[in-house]
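Results of the structural survey
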Amino acid sequence: MHKIKYILLLVINMLAINVLKAQQMPIFTNYSDSYAIINPGYYGLSEGVNAMGIYRNQWAGFKDDMTGEVVSPVTFFASADLPVKVLRGGLGLSLMKDQLGFENNVAVNLGYSYHFDLGAGILGMGLAFSFDNRKVDFGKAKPLDDNDPVIPTKEQSDMLFDFNFGLFYMVPETFYVALSTTNLMQAKGKALEGKSSSSASFVGDRTFYLAAGYEYQFMNPKFMLNPSMLILSDIASTQFNVSARLWYNNKMCFGVNYRYQESIDILVGFTIKGIQINYAYDINTMGLKLPGSHEVSISYNFKLDMEKQPRIYRSIRYL
């Protein structure tokens, strides 16, 4: 725990040298449930009103050694998207509240995706406006040097405006591949108030994403394997996720996710009256004695009556 304490203190001081960048965008273990926040090209591709929410408690119960306060990152995310025929695409809205130690961010994304028929699938090309209210209570931080004139000493907040862009190509019941970026413009906020004049400010952290998934139908129609992957990078650091879920009768699933050099995650899920509930538990592999992480996602799709071309389905999930 002492090692973690000094790492966090070092990070606080490093961030205060020039600008205060956002931490890398939160990543969910159930990442295939959260594409609406990282890729606006996804909006409206589900052929219905798709509503979902995720709650994640990372390193549950982790405390600051010096203050005794619980500082484990906690993230809540909710989204809804739907196809809009007259717009030849879909609309989406998402809300995320992310608390990391003494930092508290609230982000709202609102966007549109234009849909193209491409081969056997559909390509969604989307753009979303991002509104990010960032707040840090520096009064709770314990810097290595209490007299450092660069580090603010009270609560600071600012609103950042930016854009997210994404391409999402999907062949129903077969596979998908997606590219996107968040905080495209790396918006910079106003200068923070410190003990002396400083150029320190909040800055959006541009992040790139590559996602892909596949559905493999076994000879026994009750079983389906769903492997997927997600890579995200802000150039300074890159994270790799590889998952596989085994579905039974479209009612229950069990799987694992591997997050490179960070965790091995257990995935379970079930469906009740059309409501999909997924749970993930992350087992840390970083060797820092960090607690595990808990994550719960709930989603529901309100099917809409829409004119669409007849398709041949080979997965029991779409019968």
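The following paragraphs examine the structure supplied in this document.

The rules behind the values
Residues numbered from 1 in each chain as written. Predicted model: local features only at pLDDT ≥ 70, side-chain atom pairs only at ≥ 80, totals over all residues. Heavy atoms only, no water. Helix = DSSP H or I, 4+ residues; strand = E, 2+ residues; numbered from the N terminus. Buried < 20%, exposed > 50% of the residue type's maximum accessible area, 1.4 Å probe, protein only. Polar contact = N/O pair within 3.5 Å; in protein donor to acceptor, adjacent residues only side chain to side chain. Contact = heavy atoms within 4.5 Å.

In this section: the side chain of N39. Within the fold, N39 resides in the loop between α2 (35-38) and β2 (48-57). For N39, a relative accessible area of 2% translates into the label buried. In terms of polar contacts, N39 uses its side chain to reach the backbone carbonyl oxygen of L179, at 3.4 Å. Setting aside its immediate chain neighbours within four residues, N39 contacts G166, L167, F168, A178, L179 and S180.

Here we come to the side chain of N257. Here N257 lies in strand β15 (residues 252-259). Since its relative accessible area comes to 1%, N257 is described here as buried. Separated by 3.4 Å, the side chains of N257 and N241 make a polar contact. Separated by 2.4 Å, the side chains of N257 and S243 make a polar contact. Setting aside anything within four residues of it in sequence, one finds N257 in contact with T29, Y31, N241, V242, S243, S263, I264, D265 and L267.

Turning to the environment of L127, a few remarks are in order. By secondary structure assignment, the location of L127 is in strand β6 (residues 121-137). For L127, a relative accessible area of 40% gives the class partly exposed. With 87 residues separating them in the primary sequence, L127 and P40 have C-alpha atoms 5.7 Å apart. In contact with L127, not counting residues within four places along its chain, are P40, G111, Y112, F163, N164 and F165.

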